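Remarks on the overall topology
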Amino acid sequence: MPEVIFNGPAGRLEGRFHPARKRNAPIALVLHLHPQFGGTMNNQIVYQMYYMFARRGFAVLRFNFRGVGRSQGTFDHGQGELSDAAAALDWVQTVHTDARACWIAGFSFGAWIGMQLLMRRPEVEGFISVAPPANLHDFSFLAPCPSSGLIIHGDNDKVVPQKDVQTLVDKLKTQKGIVIDHETIPGANHFFENDLDELIERCGTYVDGRLGLTPADYLNVD
């Protein structure tokens, strides 16, 4: 799990990168929750999602948005963080040049940033959006959403009510040419306390289904 520092629009950004063993393996970028509410790349959901992709052979990057940890800059209410995410994806593509595909996964604020990024990057073929804050941010930019993906949240989420996520899902499901999978974890709150294993298992099952993987394909990763 090499520590990496790469250039972002507001200065250096700190990350962790797991290289792929195959030259043409897909890329995954994992984005953390809100920087002003304790969000970092070491959040357990982000950390476990990172390893979920690594076990499936992806080249994976997680990083701290500007102003978090050793990343330079200050919080920019989403606009700068979107630029950070674009710079992070650029960096992975320069070190893993033969990737055949790209995925984006984000948790909460990171899900909002990730879905904006996939609108700008046609190479993104899949996404995982964990507890997207549909009540706090405008998702109308997904018109249309260019990629198929998974939206997953808990039905006991007090930060993002289930009805707001359902409204977003219903809107996306009317769009043609993509498939939106939607899963709800009973009893789970916004941070998936006591439900992290089920969250990661469901996300992994989704990736396996999209890529045709089985547990026999998994890698041992540290």
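Cut-offs used in this document
- Residues numbered from 1 in each chain as written.
- Predicted model: local features only at pLDDT ≥ 70, side-chain atom pairs only at ≥ 80, totals over all residues.
- Heavy atoms only, no water.
- Helix = DSSP H or I, 4+ residues; strand = E, 2+ residues; numbered from the N terminus.
- Rg over C-alpha atoms; globule rule 2.2 N^0.38 Å.
- Salt bridge = Lys/Arg side-chain N within 4 Å of Asp/Glu carboxyl O.
- Buried < 20%, exposed > 50% of the residue type's maximum accessible area, 1.4 Å probe, protein only.
- UniProt positions renumbered as here; feature names shortened; annotations may be inferred.
- Expected span 1.5 Å × (residues − 1).
- Contact = heavy atoms within 4.5 Å.
- Polar contact = N/O pair within 3.5 Å; in protein donor to acceptor, adjacent residues only side chain to side chain.
- Phe/Tyr/Trp six-rings, centres within 6.5 Å; stacked < 30°, edge-to-face > 60°.
- Lys NZ or Arg CZ within 6 Å of the ring centre and 35° of its normal.

We now examine the overall build of the chain. Of regular secondary structure, the chain possesses five helices and eight strands. Counting from the amino terminus, helix and strand elements in the chain follow one another as β-β-β-α-β-α-β-α-β-β-α-β-α. The C-alpha atoms of the chain give a radius of gyration of 16 Å, which matches the 17 Å a tight globule of 222 residues would have. If one aligns the C-alpha atoms of the chain with their principal axes, the spans along those axes are about 45 × 40 × 35 Å.

If you walk through the whole model with that rule in mind, you get eleven salt bridges. One salt bridge in this structure joins R121 and E123, with 3.0 Å as the shortest N-O distance. For E123, a relative accessible area of 30% corresponds to the partly exposed category. For E183, the salt bridge identified is with R202, shortest N-O distance 3.1 Å. Taken together, the positions of E183 in strand β8 (residues 180-185) and R202 in helix α5 (residues 196-211) put the pair 19 residues apart, joining distant regions of the chain. We classify E183 as partly exposed; its relative accessible area is 25%.

The next thing to look at is the UniProt feature "domain: Xaa-Pro dipeptidyl-peptidase-like" (unreviewed entry) in the chain. UniProt marks residues 19-138 with the feature "domain: Xaa-Pro dipeptidyl-peptidase-like" (unreviewed entry), using the numbering shown here. In residues 19-138, helix accounts for 34% and strand for 19%; the two terminal C-alpha atoms are 34 Å from one another.

What follows covers helix α1 (residues 44-55). With twelve residues, α1 should reach 16 Å at 1.5 Å per residue; the first-to-last C-alpha distance of 16 Å fits that figure. The set of residues buried in α1 consists of I45, V46, M49, Y50, Y51, M52, F53 and A54. The secondary structure elements touched by the buried residues of α1 are β2 (11-18), β3 (27-31), β4 (59-63), β5 (102-107), β6 (124-130) and α5. The N-capping residue of α1, defined by a side-chain oxygen 2.9 Å from the backbone nitrogen of I45, is N43.

Attention now moves to the packing of aromatic side chains. The tally for this structure, following the rule as stated, stands at 15 aromatic pairs. Ring geometry for F6 and F63: centres 6.0 Å apart, planes at 70°, overall edge-to-face. Within this pair, whereas F6 is found in strand β1 (residues 3-8), its partner F63 is found in strand β4, the two being separated by 57 residues in sequence. Ring geometry for F65 versus F109: centroids 5.8 Å apart, planes at 90°, classification edge-to-face. Here F65, found in the loop between β4 and α2 (79-95), pairs with F109, found in helix α3 (residues 109-120); they are 44 residues apart in sequence, far enough to count as distant. The pair F65 / F109 is uniform in exposure class, with both members buried. Members of the aromatic cluster, joined through ring pairs, are F6, F17, F63, F65, F75, W91, F109 and W112. Lying across the ring of Y218, R56 places its NZ or CZ 4.3 Å from the centre. Taking the ring centre of Y50 as reference, the NZ or CZ of R62 above it sits at 4.6 Å.

Moving on, we come to the side chain of H34. Residue placement: H34 occurs in the loop between β3 and α1. Given a relative accessible area of 17%, H34 falls into the buried group. Not counting residues up to four positions away in its chain, the partners in contact with H34 are G39, F75 and F109.

A word on the environment of G149. Looking at the secondary structure, you find G149 in strand β7 (residues 148-154). Sequence separation of G149 and W103 is 46 residues, and the distance between their C-alpha atoms is 9.2 Å. Ignoring sequence-local partners within four residues, the contact set of G149 consists of F127, V179, I180, D181, Y206 and R210.

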